[in-house]
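# Structural description and commentary
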Amino acid sequence: MVKTAPWLRITLRVVVIGYLVLLVAWPVGLVARHAFAGGFGFFVHALTEPNVQHALQLTLIATFGSVVINTVFGVTISLIIVRNEFPGKRLLSALLDIPLSVSPVVVGLALLLVYNPRDSWFGSGLAKAGIQIIFSTPGIILATVFVALPLVIREVVPTLQEIGDEQEWAARSLGASAPQTFWRITLPSIKWAVVYGVVLTLARSLGEFGAVKIVSGNIVGATQTTTLVVEERYQNFDQPTAFALAFVLAAAAVTCIVVVAILRPQNTEA
Amino acid sequence: MSIEITNVGKKFGDFVALEDINLTIPTGQLTALLGPSGGGKTTLLRVIAGLETPDTGSVVIEGADATRLPVQKRNVGFVFQHYAAFKHLTVARNIAFGLEIRKRPVAEINAKVGELLELVHLTQFAHRLPSQLSGGQRQRLALARALAIEPTVLLLDEPFGALDAKVRKELRDWLRRLHDEMHVTTVFVTHDQEEALEVSDSIVVISQGRIEQIGTPDDLYDKPASPFVQSFLGPVTRLGSRTIRPHDIHIFATPTPDSYSGYISRTTRVGFEVRLEVVLQASLPDDEPVQVIVTRAEANALGVSAGDSVWLRAV
C-alpha cells in the first residue's frame, strides 16, 4: 500500500468527516430532534391524525406498487439487456437512465400529458373505460414507478454480466427448463443485487415528491402522500407534524439501508 | 453409431466456424477434438451438446435426431472450461442438481451423490462451497455433476486448460482410468496434442472449420494426412528434402555412408532430452538448421558438443 504522510491522512479524514457532518448527519439529526421536540406523546398524536394516517397509507401503497413493479420489470429488463443482442440495445440502455436524469417535476408533467382525461386521447379513452389515472392512486403509483425505474436495473445488470451465462447453460445441460434455471440458478446468483435494488427503490419511492405532487393533485385526505403532507404542514406553520413525518420518512429509509448492510454477507461472491 | 454428424455447417456473421463436417463418433470411446484456437472444435462440441444450433446438417445421437432438440432434452453431460460450478450451492447440491430436476426420490439422490463424491474423491468436501475448492477439485466437481445424470455422451470443453501442469497431468490420467471404468462415450476438446495423444482412443484434428484427419493417436503420429497434421502433432524439421520428426534422425560422430554432414551450432538440454541444432555443409545461408533430439544418455555416449562435426541420417 502507498504510504501517506500522517498530516495529510489526518487532514483528509477531517475534511471527509466534516463534509458528511455538515451535509448529512447534522441536518438529519436536527430533524430527529425537532420530531420529538414536543415529546413522544405529541409525536404519536401527530402520526395518528386521520389525514396523516391516510397519507402514510397512500405512501405505503405507492411504495409497495413501485417496489413490486420495478423489481419484476427490472429483473426482466436486465436479463433481456445482458443475455441478448438486438438492434437498439444501447438506445434502450440509455433510455433507462432518463428517469434518473430528468427532474421529477418534468416526469409529472409528462405523465399528465399522456394520461389526463381531458385533452389526451389515451387518458380520455381510459377515463371512458372507467379508469382514472391522474389525481388518483394509479397515477401516484405510476409516477413513483417512473422515478425509481432504473434502480433495480442498475444493480442487477453488472452482477448478471459478472456471473456470465455458463452456470445457466450448465443448468440447462443438466435438464433444467428456462424457468427452473431462473429460479434455481440465476435468481440466487443475483439475490443481493436484487435486494439492494429493492432497498434503493423503496427509499426512493418513500421520498418521491415532485412527480407525485403534479399527478396526484395534492388533495388533502384523498391523494396526498406523506411527502406532500410534510410540505403542506410546514408551509401552514404546523411544523411539529411536518418534522414528525419527516423523521418517519428518514428513519424508514435509513433502517432499510442499515438492515441490508448488516445482512449482506461480507464475502459478496456468493 | 453413437454420435453421427452429417454436413454440419455454422457461421458467426462472416466467420465460418464449421464447414461441411461429417463425423461418426463410436459408442464407448474417448475421442479428442484437437486443433488450434479458433479452429472450430469448441463450436462442434457445442453443436453436439445443443448449446449452438448448426446452420446446416444434422446431429444424430444414439439413433435419434437431435439437431433441433434443446440442450435440456439431449441428456448430455457438458463440462465447461471454467467449470461453471453453481456458486451458491454446496458440492453435494451441485452434483444433485440434475437429479433434483428429474425429481428422483431423495434416498436415490443421496445414494448417487455419495457414490459420485467417492468417485471424484470429494467426499470430505461435500458441504463446502465451490469457492472453497482448488481448480482441480472444481473440475472434478463439474465432472461428477455431469456424470450424475447418467448422460448418453459426456462432452468436455478444454477440461484441463485452466489448471497448472502438474494437476493437469494427474487429472488426465484420472480421466482415462475413469473412462475405462465407466465406458460412457466421451468427447473432449483440446489444443494440446500431448493431451490428445495420451488420453484418447481416437483423435479428430480440426482446423479452419474443417476436419483435417481422423484416426488413432498412432495413425496420426505416424501417418499424418497433411503437413499441417504432422506439424501440429509434434515438432518437425527438414532433412534434405524430407520433413521429419527431430527424434527420427540418427546422429553419428564419425563419417557415415548415405548421410548429411554438418556441424553442431547449438545444444540445449531440457530435462532428459538434448536438443541439437545442426548446420549442414550443403545448406544455403538462409536455411534453418536441422533440429535433432536425442536422449541425454545418447548425447553422452556420442560425446559431441557445439562446433563439432556430425553426420545425420533419417531413421
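Here the structure is shown first, and the text comes after it.
Quick look at the structure, then. Please read all numbers here as calculations on a predicted model, not as lab measurements.

Analysis parameters
- Residues numbered from 1 in each chain as written.
- Chains lettered and ligands numbered in written order.
- Predicted model: local features only at pLDDT ≥ 70, side-chain atom pairs only at ≥ 80, totals over all residues.
- Helix = DSSP H or I, 4+ residues; strand = E, 2+ residues; numbered from the N terminus.
- Buried ≥ 20, exposed ≤ 12 C-beta atoms within 10 Å, placed from the backbone.
- Contact = placed C-beta atoms within 7 Å.
- Nonpolar A, V, L, I, M, F, W, Y, C, P; charged D, E, K, R; others polar.
- Pairing = 2+ DSSP bridges.
- Axes fitted to C-alpha atoms, helices over the stretch in contact; angles between N-to-C directions.
- Parallel < 35°, antiparallel > 145°, perpendicular 65-115°, else oblique.
- Left-handed = near helix turned anticlockwise from the far one by under 90°.

If you tally the helices and strands in chain A, you get 13 helices and zero strands. Taken from the N to the C terminus, the helices and strands of chain A come in the order α-α-α-α-α-α-α-α-α-α-α-α-α. Its C-alpha atoms give chain A principal-axis dimensions of roughly 70 × 65 × 30 Å. Scored against the burial criterion, the 270 residues of chain A give a buried share of 35%. Summarising the internal contacts of chain A: among those between residues at least 6 apart in sequence, 75% fall at separations of at least 24.

A few words now on the interface of chain B and chain A. At the junction of the two partners, chain B supplies 20 residues and chain A supplies 17 residues. Those elements that place two or more of their residues in the side of chain B that touches chain A are strand E6 (76–79) and helix H2 (91–101) of chain B. Per element, the largest residue contribution to the side of chain B that touches chain A is three residues, and it comes from H2(B). Classifying every residue of the side of chain B that touches chain A by side-chain character gives 12 nonpolar, five polar and three charged.

Quick look at the sheet that holds strand E7 (residues 153–157) of chain B now. Residues and elements named next belong to chain B. Read from one edge of the open sheet, six strands run E6-E7-E8-E3-E9-E10, paired in mixed fashion. Both edges of this open sheet fall to E6 and strand E10 (210–215), since each of them pairs with a single strand only. Pairs of neighbouring strands in the sheet enclose a mean axial angle of 15°, with direction left out of account. In the sheet, E6 pairs with E7 via four bridges, with the strands oriented parallel. In the sheet register, Phe78 faces E7, and the bridge partner there is Leu155. Strand contacts of helix H4 (residues 135–148): E6 and E7, with the helix running at about 170° to E6, the strand carrying the most contacts.

Of all eight residues in helix H9 (residues 166–173) of chain A, seven are buried, a share of seventy percent or more. Turning to H9(A), its buried residues are Gln167(A), Glu168(A), Trp169(A), Ala170(A), Ala171(A), Arg172(A) and Ser173(A). Of the surrounding secondary structure, the elements contacted by the buried residues of H9(A) are helix H8 (137–163) and helix H10 (178–207) of chain A together with helix H1 (41–49), E6 and H2 of chain B. The first or second residue beyond H9(A) is Gly175(A), which carries a positive phi of 110°.

Let us now look at the packing of helix H3 (residues 50–83) of chain A against H8(A). Residue and element names in this part refer to chain A. At a minimum axis distance of 6 Å, the contact between H3 and H8 shows a crossing angle of 40°. When the interaxial angle is binned, H3 and H8 end up oblique. Of the two elements, H3 crosses H8, and the hand of that crossing is right-handed.

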